[in-house]
Amino acid sequence: MAQSLELLLIQFLMPDNDARRQAEEQIKRLAKDPHVIPALLQHMRTAKTANVRQLSAVLLRKKITGHWMKLSPQVKDSVKSALMESITVEHSPPVRRASANVVSVVAKYAVPAGEWPELLPFLFQCSQSPQEDHREVALILFSSLTETIGEMFRPHLATLQSLFLKSLQDETSTRVRIAALKAVGSFVEFVHDRDEVVMVRELIPSILNVSRQCLANGDEEVAVIAFEIFDELVESPAPLLGSFVVSIVQFSLEVSSSENLETNTRHQAIQIISWLAKYKPKSLVKHKLVVPILQVMCPLLAEASHGDDDDDDLSADRAAAEVIDTMAVNLPRKLVFPPVLEFASIGYQNPNPKYREASVMALGVVSEGCFELMKNKLEDVLRIVLEALKDPEQLVRGAASFALGQFAEHLQPEIVTYYESVLPCILNSIGDASEEVQEKSYYALAAFCENMGEEILPFLGPLMGRLLEALQNNSRNLQETCMSAIGSVAAAAEQAFIPYAEKVLEMMKNFLVLIQDEDLRARARAIELVGIVAMAVGRARMEPILPPFIEAAISGFTLDFSELREYTHGFFSNIAEIMNGGFSQYLPHVVPLAFSSCNLDDGSAVDIDESDGDESVYGFGEVSTDDEAHDERRVRNISIRTGVLDEKAAATQALGLFALHTKSSFIPYFEETMKILTKHAGYFHEDVRLQAIIALKNVLIATESVFPGSNELSAESKHVLDTLMNIYIRTMNEDDDKEVVAQTCTNLAEIIKSSTYVAIESYVPRLVESTLVLLREESACQQLESDSDVDENDAEHDEVLMDAVSDLLPAFARCLVYRFEPVLDRFFQPLMKFAKASRPSEDRTMVVACLAEVAQEMGGPIAKYIDKLMPLVLKELSSSEATNRRNAAFCVGELCKNGGEAALS
């Protein structure tokens, strides 16, 4: 076989395609025989040309998996000896690497079985060799072996760490330093234990040095490995970075701002900053890195694109915007907003339009996270953005429209008070010559009107005139954003929208028959708008004309478009709300659709890497694989179809609303709905969990209405309440998303307030313990970062979560009545932590408002706390914040009314 195989290998490497195909077929046939292994091994060692030796090694790697168990012990020993000899005497780097890959595959089977005790000592010996080739191939093998026998290295991690450190500092060989960097990159994905990762952390200075050398030499692909290592360290919940975070940030900023580097390299560097802001925000604060980061990221927003071929998703300006957004959401706003405002205040007057664009873009990006501070500076930031809305450059006007839309979303309700100056500007920009500016202006209009009420009425005629005209005469994209804007106007105008409803609904019929893929997003927007208009005009006007819209909505489920199904579930939810029991006739049609969406596969897709780097050189086809090959394939990436997640969330919400509004008619669907909600309450994505939490409360309300108890809960209601309470308590303790936990607390407060003590008595001990965990800031959602000793007094007020938690106390007081006093004793000190002078004023006003409501519900027993409460309350009466003074005055009144003489004294 050996002689004929050699000829076939040579023939396979010929440029003649016919000859290659013939050779491939013959090799494939021979490869089914276990004797192919020693033959390939011989050619890997002795063939005269490096190409044949490399091809032999690649084929050996592919075939040895299927044949290994069939080989005799003698042949196995000869294979192992030959492989170790090959990687030390072979002069060709590609052949050495291919041989190393074979070693990795054989080790997967031989090492765990105790059949290759010589391998690790041999590798450690090679790593100390004076020969550069030996040191390099040892590191290559350590890297590849982690994928097959990584667990076997655990007893040797300390030795490996010393080896990696020495190799990263190898002064005589760039190749060894690069191989060491790659080996660390492989190991960091494998180690998880705190002590193990700390070993990797100590390599950071050397990793940075090697990466800088690679960048200087143009080896960007190698340098990027450093960012992959940092990515693993950053995402670890253990306190692993320490002061090294400064070096990592400095290096990342250097790479981020280097325009001569590849887009992907810079994106990787910017992404590390984003991960740090998300997972290690306190570290950035502690080491005073917030301002230096913003001083680089803000100017990156002004970086011009380098041509049409650039990937927008990787562009520096887009990545920088993501970083700034993440910082605004996760870091103290008082550190993020001032530098951004300073940049915008200077930049919007810059003669360079890219800087003017960046200025308003930065303000728009931080408005979600910095909303409290921006509300106090609303006049200043609006002046900048409204000025930019009149800029001669289209890109600046577009950014201003975007920023205005962000303000309208996140700076409510304060921004609505500026409607007289803002709405005319938006109306004007809707008529912009640029379609991009128009589209962003419709978005701004939709967001701005969403929270308006009767203030919109003077503008209703001009707005609808523009919007109806635009709906008829523009591209699909503009029509879609225009429909969103009409929806917001309708929601704000309510009954005043009636004169426009008929025309809008008639126009929507044209969109609800579209079936082409490119038109389905517009169809989705149209069905959403019909539901919003129905909410505005009411049941009496809508019910007679509803059937064709219901029919069109249901028919949309035959089209494979997740967004259309998502918006249709929202439409059904709105119709159920306005029709209440009248919607029951549609339940047999729409509930199965909601069940189907809830039970969809979430679309997780695993991207498998089947290449070993050599097939691409030769273009191997079937010759490199066969039915016996079982090589481990590496997972490169996991992707989720986000459209399906949105659809699941909308369907979950719809089920809860169907139950709430149709009550007894929903009884046939209760059991399946509860199964789905129980499953979705533990779903991996927070949006689905959130909707499940809300829907559970709606189902409970419906159940109690359908199955009322006399003095205690009915069996049906008790079953739903048991399920709900167990899920809610688990969520309070274990869910890592603050919004989900906050919604859970809000729902619980409402349920407890409306319940009798008898109904919730059995849950009270666990509810109290879970509330204490949240007051002590020890729940899962409050422990996102543990590697910082930043003083808790530097913390910002957690408006979403802690305000919801504080609502639980007066709820307990109302339900428990005289039983609440010992519970308050336990709550009091954890709550008063938020009243310290060093805490944000929002924390203190939260405490005052909470205790005022507790006093109102508790009555006389509040007197024992008067001495501790009055100093705080009286101090807040002199606060510069109107909200604090208002809450303090309310609290004084309640304490005096319920605390009797103790309060008056």
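All values derive from a computational prediction rather than experimental measurement. (Residues numbered from 1 in each chain as written. Predicted model: local features only at pLDDT ≥ 70, side-chain atom pairs only at ≥ 80, totals over all residues. Heavy atoms only, no water.)

**Re the overall build of the protein chain**
Summing up its helical and strand segments, the protein chain has 47 helices and two strands in all. Residues counted as buried form 55% of the 905 residues belonging to the protein chain. (Helix = DSSP H or I, 4+ residues; strand = E, 2+ residues; numbered from the N terminus. Buried < 20%, exposed > 50% of the residue type's maximum accessible area, 1.4 Å probe, protein only.)

**Thoughts on empty space enclosed by the protein**
All told, the structure shown has two cavities of 30 Å³ or more when counted by the stated rule. If you add up the space inside the largest cavity, you get close to 90 Å³. Lining of the largest cavity is provided by 11 residues; of these, L157, F164, F187, M199 and V200 occupy positions nearest its centre. For the lining of the largest cavity, the secondary-structure elements that each account for two or more residues are α9 (157–168), α10 (174–190) and α11 (194–201). Per-element tally for the lining of the largest cavity: the top contributor is α9, with four residues. Partitioning the lining of the largest cavity into residue classes produces nine nonpolar, one polar and one charged. Taken as a whole, the second largest cavity holds about 30 Å³ of empty space. Lining the second largest cavity are P93, R96, R97, E136, V137 and I140. (1 Å grid on protein atoms, 1.4 Å probe; cavity = no way out; pocket = protein on both sides within 12 Å on 5 of 7 lines; lining within 4 Å. Points joined across faces, edges and corners; volume = space filled by probe spheres on them. Nonpolar A, V, L, I, M, F, W, Y, C, P; charged D, E, K, R; others polar.)

**Considering the nonpolar core**
Counting 315 residues, the largest nonpolar core has F230, M297 and L363 as its most contacted members. Those residues in contact with L363 that sit more than four places away from it in its chain are F337, V340, L341, A344, M374, V381, I384, V385 and F407. (Core = buried A, V, L, I, M, F, W, Y, C linked by side-chain atoms within 4.5 Å. Contact = heavy atoms within 4.5 Å.)

**A closer look at helix α18 (residues 316–330)**
Over its 15 residues, α18 extends 21 Å from the first C-alpha to the last, a length consistent with the 21 Å expected when each residue adds 1.5 Å. Those residues of α18 not exposed but buried are A316, A319, A320, A321, V323, I324, T326, M327 and A328. Tucked into the core, α18 has its buried residues touching α15 (263–279), α17 (290–300), α19 (333–347) and α20 (353–366). (Expected span 1.5 Å × (residues − 1).)

**With respect to the packing of aromatic side chains**
As enumerated under the stated definition, the model contains 15 aromatic pairs in all. Here Y419 and F459 contribute two aromatic rings whose centre-to-centre distance is 6.1 Å and whose plane-to-plane angle is 85°, an arrangement assigned as edge-to-face. In this pair, Y419 is assigned in helix α24 (residues 419–430) and F459 in the loop between α25 (435–449) and α26 (460–473), connecting sequence segments 40 residues apart. The class for F459 is buried, based on a relative accessible area of 14%. (Phe/Tyr/Trp six-rings, centres within 6.5 Å; stacked < 30°, edge-to-face > 60°.)

**Observations concerning a nonpolar patch on the surface**
On the surface, a cluster of nonpolar side chains totalling about 280 Å² of accessible area is made up of L7, I10 and M14. When you line up the elements, I10 lands in helix α1 (residues 2–12). Judged by relative accessible area, which is 39%, I10 ranks as partly exposed. (Patch = residues over 30% accessible without salt bridge, like charges linked within 9 Å, V, L, I, M, F, W, Y side chains within 5 Å. Areas by Shrake-Rupley, 256 points an atom, 1.4 Å probe, with all protein chains shown as cover. Salt bridge = Lys/Arg side-chain N within 4 Å of Asp/Glu carboxyl O.)

**Points about helix α38 (residues 715–734)**
End to end, α38 covers 28 Å across 20 residues, agreeing with the expected 28 Å (1.5 Å per residue, within 8%). Those residues of α38 that fall on the buried side of the exposure criterion are S717, V720, L721, T723, L724, M725, I727, Y728, I729, T731 and M732. Buried residues belonging to α38 abut α36 (670–680), α37 (686–706), α39 (738–753), α40 (757–760), α41 (764–775) and α42 (799–816).

**Section: the environment of L808**
Within the element layout of this structure, L808 appears in helix α42. For the pair formed by L808 and V768, sequence separation is 40 residues and the distance between their alpha carbons is 9.4 Å.

**Quick look at the confidence of the model for the protein chain**
Summary statistics for the protein chain give a mean pLDDT of 85 and a share of 89% for residues scoring 70 or more. Note that pLDDT drops below 50 for residues 619–640; the model gives that stretch 59 contacts with residues more than four away or on any other chain. Taken as a whole, residues 785–790 scores under 50 in pLDDT and shows 20 contacts with residues more than four places along the chain or in a different chain. (pLDDT = per-residue confidence, 0-100.)

**Details of unusual backbone geometry**
Following Q412, the chain continues to P413 via a peptide bond in cis, the omega torsion being 0°. The topology assignment puts P413 in the loop between α23 (394–410) and α24. Its identity as a non-glycine residue notwithstanding, E494 has a phi of 55°, on the positive side. Checked against the element boundaries, E494 lands in the loop between α27 (476–493) and α28 (498–511). In this structure, N580 is a non-glycine residue whose phi angle is positive, near 50°.

**Things to note about a negative patch on the surface**
On the surface, a cluster of negative charge is contributed by E189, E228, E232 and E235. For the negative patch, the element with the highest residue contribution is helix α13 (residues 220–235), accounting for three residues. Since its relative accessible area comes to 35%, E232 is described here as partly exposed. (Lys, Arg positive; Asp, Glu negative; His and termini not counted. Charge placed at Lys NZ, Arg CZ, Asp CG, Glu CD.)

**Focus on the side chain of T481**
Locating T481 in the fold gives a position in helix α27. Taking relative accessible area as the criterion, T481 reaches 15% and is therefore assigned buried. Those residues in contact with T481, other than ones at most four positions away along the chain, are E439 and Y442.

**Focus: the packing of α26 against α28**
Their axes nearest at 12 Å, the elements α26 and α28 cross at an angle of 15°. One element, α26, and the other, α28, form an angle in the roughly parallel class. By crossing handedness, the relation of α26 to α28 is classed as left-handed. Along the contact surface, α26 presents L460, G461, M464, L468, L471 and Q472, while α28 presents Y500, K503, V504, M507, M508 and F511. Here the contact of α26 with α28 is built from residues that sort into nine nonpolar, two polar and one charged. (Axes fitted to C-alpha atoms, helices over the stretch in contact; angles between N-to-C directions. Parallel < 35°, antiparallel > 145°, perpendicular 65-115°, else oblique. Left-handed = near helix turned anticlockwise from the far one by under 90°.)

**So, the pattern of salt bridges**
Applying the stated criterion to the full structure yields 32 salt bridges. Between D380 and R383 there is a salt bridge; the shortest N-O distance is 3.4 Å. Taken as a pair, D380 and R383 lie in helix α22 (residues 378–388) at a separation of three residues, close to a single helical turn. The network of salt bridges with common partners includes R96, E132, D133, E136 and R175.

**Here we look at the environment of I293**
In this fold, I293 is placed in helix α17. Among the residues examined, I293 registers a relative accessible area of 0% and is labelled buried. Along the chain, I293 and Q250 lie 43 residues apart, while their C-alpha atoms are 8.7 Å from each other. Setting aside residues no more than four positions away along its own chain, I293 makes contact with V249, L253, I273, L284, V323 and M327.

**Examining the state of the cysteines**
The full count for this structure, using the stated rule, is zero disulfides. Cysteine C781 is unpaired, with the sulfur of C745 as its nearest cysteine sulfur at 8.1 Å. (Disulfide = S-S within 2.5 Å.)

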